[in-house]
Amino acid sequence: MKSYAGVCLEGAMIVLACVIFSAFASAPPVIDTDASAVSMLWSYIGAIVFNMLILFGTVKMSDRLVKDMMGL
């Protein structure tokens, strides 16, 4: 029963991380009109990669966090 509750909590944390990532990804990017097109592109790619790394880290961290919380 404890293991089942841990898996459910882990799933809830992953869903929450995906919802937060979706909110960040759907927000319009901040564009500096004085910068060159290549600079704007790299800035946008950097922001997306950063958000994806945060999502990946949160998903990986949820497993460890739930195991520590539940004592599994």
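Data block above holds the structure.
Before going into details, it helps to say that this report is about the structure given with it. The residue numbers shown here count from 1 along each chain, following its written sequence. Note on the predicted model: pLDDT of at least 70 is required for a residue's local features to be given, and 80 or more for side-chain atom pairs to be given and counted; whole-chain, interface and lining totals, by contrast, use all residues. Side-chain measures were taken over the full set of non-hydrogen atoms in the model, leaving aside hydrogen atoms and water.

## A closer look at the overall build of the chain
Okay, step 1: In terms of helices and strands, the chain carries two helices and zero strands.
Okay, step 2: For this measure, only C-alpha atoms enter the radius of gyration; the expected value for a globule follows 2.2 Å times N^0.38, where N is the number of residues. Relative to the compact-globule value of 11 Å for 72 residues, the chain shows a C-alpha radius of gyration of 17 Å, a clear excess of over 25%.
Okay, step 3: Every one of the 72 residues in the chain was classed for burial, and the buried ones make up 10%.
Okay, step 4: When the accessible surface of the chain is split by element, carbon and sulfur atoms take 74% of a total near 5,600 Å². Secondary structure elements are defined from DSSP: runs of H or I of at least 4 residues count as helices, runs of E of at least 2 residues count as strands, and each element is numbered from the N terminus. Partly exposed residues are those whose accessible area sits between 20% and 50% of the maximum for their type, while under 20% is buried and over 50% is exposed, using a 1.4 Å probe and protein chains only. Areas reported as accessible are Shrake-Rupley estimates using a 1.4 Å probe. Residue values count occlusion only from the protein chains shown.

## Side note on helix α2 (residues 37-70)
Okay, step 1: The end-to-end C-alpha distance of α2, which contains 34 residues, comes to 49 Å, matching closely the 50 Å that a straight helix rising 1.5 Å per residue would cover.
Okay, step 2: Take the seven residues that end at a residue and the seven that start at it, fit an axis to each, and the angle between those axes is the bend at that residue. Of all the bends in α2, the largest measures some 25° and sits at M61.
Okay, step 3: Along α2, the positions that sit buried rather than exposed are N51, S62, V66 and M70.
Okay, step 4: On its buried face, α2 is in contact with α1 (2-26).
Okay, step 5: Phi turns positive, to about 70°, at G71, one or two residues after α2. The span expected for a helix works out to 1.5 Å for each residue beyond the first. Here a residue-residue contact requires only that any non-hydrogen atoms of the pair lie within 4.5 Å.

## Observations concerning the state of the cysteines
Okay, step 1: Only a pair of cysteine sulfur atoms within 2.5 Å qualifies as a disulfide here. Overall, the coordinates contain zero disulfides when judged by the stated rule.
Okay, step 2: Unpaired in terms of disulfides, C8 finds its nearest cysteine sulfur in C18, a separation of 16 Å.
Okay, step 3: C8 gets classed as partly exposed once you look at its relative accessible area, which sits at 38%.

Take it as geometry only, folks, not as evidence of what the structure does.
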